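# Working through the structure, step by step
Listed below, chain by chain, are the residues.
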Amino acid sequence: MEVILPFLIGILFTSSLYLILHRHFFKLILGLILFGLATNLFLFVIGRLTRGGSAIIPKTEDMAVEPFADPVPQALLLTAIVIGFGIQAFSIVLIKRVYQSFGTNDLDDMNTTDQIEEKE
Amino acid sequence: MNHLLLLLPLLIPLYGAILCLFFWRLVRVQQYIGVAVQMGLLASNFMLLLYVNQTGIITTQLGSWPAPFGITLVADLFSSLMVLVSAVVGMAIYLFSIKGLDKARQTFGYYPVLLILQMGVAGACLTGDLFNLFVWFEVLLICSFVLIALGGSKPQLEGAIKYVTINFLASGFLLTGIGVVYGIVGTLNLAELAVLVRTPVAHPALITMAGMFFLIAFGIKSAIFPMFFWLPASYHTPPIAVSAFIAGLLTKVGMYALIRLFTLVFVLDQELTIPLFTVLAGFTMVIGVLGAASQNDFRKILSFHIVSQIGYMLMGLALFTPLALAGSIYFIIHNILVKTNLFLISGVVAHRRGSFALKKLGSVYLQHPVLSLLFFISAFSLAGIPPFSGFWGKFMLAKAGFEIDSFAIVFTSLAVSLITIFSMTKIWNEVFWKRKPDTDPMLDVMSEADQRVNRFLHVPVIFLVVFILFIGLYAEPVITMAQLAAEQLLNSELYINAVLKR
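Residues numbered from 1 in each chain as written. Chains lettered and ligands numbered in written order. Predicted model: local features only at pLDDT ≥ 70, side-chain atom pairs only at ≥ 80, totals over all residues. Heavy atoms only, no water.

### Focus: the overall build of chain B
Broken down by element type, chain B carries 21 helices and 2 strands. On C-alpha atoms alone, chain B measures out to a radius of gyration of 22 Å, which is about the 23 Å that the 2.2 N^0.38 rule sets for 502 residues. For the C-alpha atoms alone, the extent of chain B along its principal axes is close to 75 × 55 × 40 Å. When burial is assessed residue by residue, chain B has 66% of its 502 residues classed as buried. Of the contacts formed within chain B by residues at least 6 apart in sequence, a portion of 81% connects residues at least 24 apart. (Helix = DSSP H or I, 4+ residues; strand = E, 2+ residues; numbered from the N terminus. Rg over C-alpha atoms; globule rule 2.2 N^0.38 Å. Buried < 20%, exposed > 50% of the residue type's maximum accessible area, 1.4 Å probe, protein only. Contact = heavy atoms within 4.5 Å.)

### Notes on the overall build of chain A
In terms of regular secondary structure, chain A is built from 3 helices and 0 strands. In sequence order, the secondary structure elements of chain A are arranged as α-α-α. Scaling as 2.2 N^0.38, a compact globule of 120 residues should have a C-alpha radius of gyration of about 14 Å, whereas chain A reaches 21 Å, well beyond that. Reported as C-alpha extents along the three principal axes, the dimensions of chain A are approximately 80 × 30 × 25 Å. Burial statistics for chain A: of 120 residues in total, 34% are counted as buried. If you take every contact in chain A between residues at least 6 apart in sequence, the share linking residues at least 24 apart comes to 57%. Just so you have it, chain A exposes about 7800 Å², and 66% of that area is on carbon and sulfur atoms. Taking the average location of the 8 positive side-chain charges in chain A and that of its 12 negative ones, the two points are 7 Å from each other. (Areas by Shrake-Rupley, 256 points an atom, 1.4 Å probe, with all protein chains shown as cover. Lys, Arg positive; Asp, Glu negative; His and termini not counted. Charge placed at Lys NZ, Arg CZ, Asp CG, Glu CD.)

### Some thoughts on the UniProt feature "transmembrane region" (unreviewed entry) in chain A
All names here are of chain A. Taking the numbering used here, the UniProt-annotated feature "transmembrane region" (unreviewed entry) corresponds to residues 6-21, 28-46 and 75-95. The straight-line gap between the two end C-alpha atoms of residues 28-46 is 27 Å; of that span, 100% is helix and 0% is strand. The span residues 75-95 is 100% helix and 0% strand, and its two end C-alpha atoms sit 30 Å from each other. (UniProt positions renumbered as here; feature names shortened; annotations may be inferred.)

### So, the pattern of salt bridges
Any two side chains of opposite charge can pair, on the condition that their charged atoms come close. Residue and element names in this part refer to chain A. One pass over the structure, following the stated rule, counts 7 salt bridges over all chains. Arginine 23 is the partner of aspartate 108 in a salt bridge, and the nearest nitrogen-oxygen pair spans 3.2 Å. Highlighted residues: aspartate 108 in the segment after helix H3 (71-102) and arginine 23 in the loop between helix H1 (4-20) and helix H2 (25-46), separated in sequence by 85 residues. Relative accessible area serves as the criterion here: at 46%, aspartate 108 is assigned to the partly exposed category. In this structure arginine 23 comes out as partly exposed when scored by relative accessible area, which is 46%. (Salt bridge = Lys/Arg side-chain N within 4 Å of Asp/Glu carboxyl O.)

### Focus: a positive patch on the surface
Together, B:Arg28, B:Lys99, B:Lys103, B:Arg452 and B:Arg455 make up a region of like positive charge exposed at the surface. Inspection of the secondary structure assignment puts B:Arg28 in helix H2 (residues 27-55). (Patch = residues over 30% accessible without salt bridge, like charges linked within 9 Å, V, L, I, M, F, W, Y side chains within 5 Å.)

### A closer look at the pairing of strand E1 (residues 58-61) of chain B
All names here are of chain B. Burial along E1 is two-sided: the face carrying Ile58 and Thr60 and the face carrying Thr59 and Gln61 are both buried. In terms of strand pairing, E1 meets strand E2 (residues 72-75) through 4 bridges, oriented antiparallel. Within the sheet, the bridge partner assigned to isoleucine 58 lies in E2 and is alanine 75. (Pairing = 2+ DSSP bridges.)

### Topic: the side chain of B:Ser222
All names here are of chain B. In this fold, serine 222 is placed in the loop between helix H9 (204-221) and helix H10 (230-234). Taking relative accessible area as the criterion, serine 222 reaches 0% and is therefore assigned buried. Within the local environment of serine 222, its side chain forms a polar contact with the backbone oxygen of phenylalanine 218, the two atoms lying 2.7 Å apart. With near-sequence residues (within four places) excluded, serine 222 lies in contact with Thr251, Gly254, Met255 and Ile310. (Polar contact = N/O pair within 3.5 Å; in protein donor to acceptor, adjacent residues only side chain to side chain.)

### Let's talk about helix H12 (residues 270-293) of chain B
Residue and element names in this part refer to chain B. Helix length check: H12, at 24 residues, gives a terminal C-alpha distance of 34 Å against a target of 34 Å (1.5 Å per residue), a fit within 8%. Listing the buried residues of H12 in full gives Thr273, Phe277, Leu280, Ala281, Gly282, Thr284, Met285, Gly288, Val289, Gly291 and Ala292. Against the buried residues of H12 lie H9, helix H11 (240-264), helix H13 (298-319) and helix H18 (407-433). (Expected span 1.5 Å × (residues − 1).)

### Overview of the interface of chain B and chain A
Each partner contributes to the interface: chain B provides 41 residues, whereas chain A provides 44 residues. At the boundary of chain B with chain A, total buried surface from both sides reaches about 3700 Å², with 73% on carbon and sulfur atoms. Here chain B and chain A share 0 salt bridges between them. Inspection of the region where chain B meets chain A yields 2 residue pairs in polar contact (both at pLDDT 80 or more). Mapped onto the side of chain B that touches chain A, the elements with two or more residues apiece are helix H6 (130-149), helix H7 (154-185) and H10 of chain B. (Buried area = accessible area lost by both parts, 1.4 Å probe.)

### Observations regarding the packing of H9(B) against H12(B)
Residue and element names in this part refer to chain B. Relative orientation of the contacting elements H9 and H12 amounts to 20 degrees, with a least axis distance of 12 Å. Taken together, the axes of H9 and H12 lie roughly parallel to each other. The two elements H9 and H12 meet at a crossing, and its hand is right-handed. Contact with H9, carried on its side by Thr208, Met212 and Leu215, involves Leu272, Thr273, Leu276, Phe277 and Leu280 of H12 and no other residues of that element. (Axes fitted to C-alpha atoms, helices over the stretch in contact; angles between N-to-C directions. Parallel < 35°, antiparallel > 145°, perpendicular 65-115°, else oblique. Left-handed = near helix turned anticlockwise from the far one by under 90°.)

### What about the side chain of B:Ser389?
Tracing the backbone through its elements, the reader meets B:Ser389 in helix H17 (residues 389-403). Those residues within four positions of B:Ser389 in sequence are excluded, and the remaining contacts are B:Tyr330, B:His334, B:Val338, B:Ser381, B:Ile468, B:Ile471 and B:Gly472.

See the structure below:
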């Protein structure tokens, strides 16, 4: 399991960046979602995987019994998932709005704010 | 007492925003609440600065969890200066928004979002925890997303897409960097991190690698050289009150985080970071100022100048001497005030003329000599002409550069100053000096109502110019404070002892 996950994270990162570089709006959304997933999974794995050991201190002990999973990355992960969800929801609505008012789904058409105004 | 002073910059805008939400439809009430909140913020942040200046670094543990486990709030001189300046800018933006922003946008939750944005800025400056820093950055980013897209005009949507996508990526890099740091060192508290990275437990190369994640993340957020393209594509699209606020403040908060992390945590591999920062700073300055020279739109010229000025702040970090860091800190304060003010002035001009394009503007000097004088002061401050504030920042940076014989970056920065003057004279000639092309300016008279609005819009500009003149003409106390702040930054023991109570 621990061998597969890093490869999975790598695949997620590369495919998300590939999709973000695409011209199509829908692929941009997919790319953003996959990028969020990749970072979250990375955060999860880097906290070291421990199976079946929750970090809850038993009533009879003074401290948690080894082996237990580090609760900090899990807490970070939860926060990151919620924040990522919020941003993804916002960007989906934004992209829908853009599609409605521009009538295009090609990112290459979105270059008017970069253009230089002519001088006389 | 010190607990309360540390929490107030977060609590005042939060409660203000909640109160605003109760009066969703009553924009007038929201305006009054907003101005009251800004006054409270100014007062409490000023007291925080005085208190920190008197007693040194103050900390508070949220929820009374002791330092490395809970979340710590820390205020040293640098962060309290940042918080104070953000309150000053916030006040000006609020006054400007009351008359300078259209009613439709104001009714859709503009004020609460702006207040939460201010809370995010204060939180990012005051936190002493790496993950908490990420969370505050998300708070301020989401608010800036909403503000950029609010109103939904076509250029705004287009700018928002670029802004949201690239900032989402930056947040991902930041989160990955935090993961790497936690994986290597096993803590998120900045002070404990600073202790642990200096012990042999941590592998220096791995720590540096984690540092590069943070460089990319905050480099995107503060628009450093290869990662700045989103800024001139998006910052000029929203209404000017929003533009001025995010342009003045947000990139500098990214710069603050970069300076904080690279003076406290990632200081091990300076053979790598210092040349890297020097090169990046030089390119950021040059590319930014050349980009500005090619533009013909008031706001776009100013947007590109943000990039160029970020280079100066990075230059202080690259030289890494007490004087250079003090120069950086002074420059950040100066730049937040001046840049916001220049944007506001472009808004006043556009309110009168209905355009930002240089070719459509003109004759402002003929009709509004006071506004022209205010622009003159701000523009010369930006370019760094001696009695004004930009000069002192550049002087400190250049002196620090000469002291350690980094001539290349100093000469680059001086050359860039010259081109900055070129851009400012271009705006001066086209907007203020030249005769307005299509109409006879003497026949062009404002209506009574327009005149009242115009006079009101001058208030925030004058408010900021007072501060700009103060830090320029009476620079001694500010520079002293910046030097003390730089010493606190370079002497990490102070920060560590204050947080961990050793």
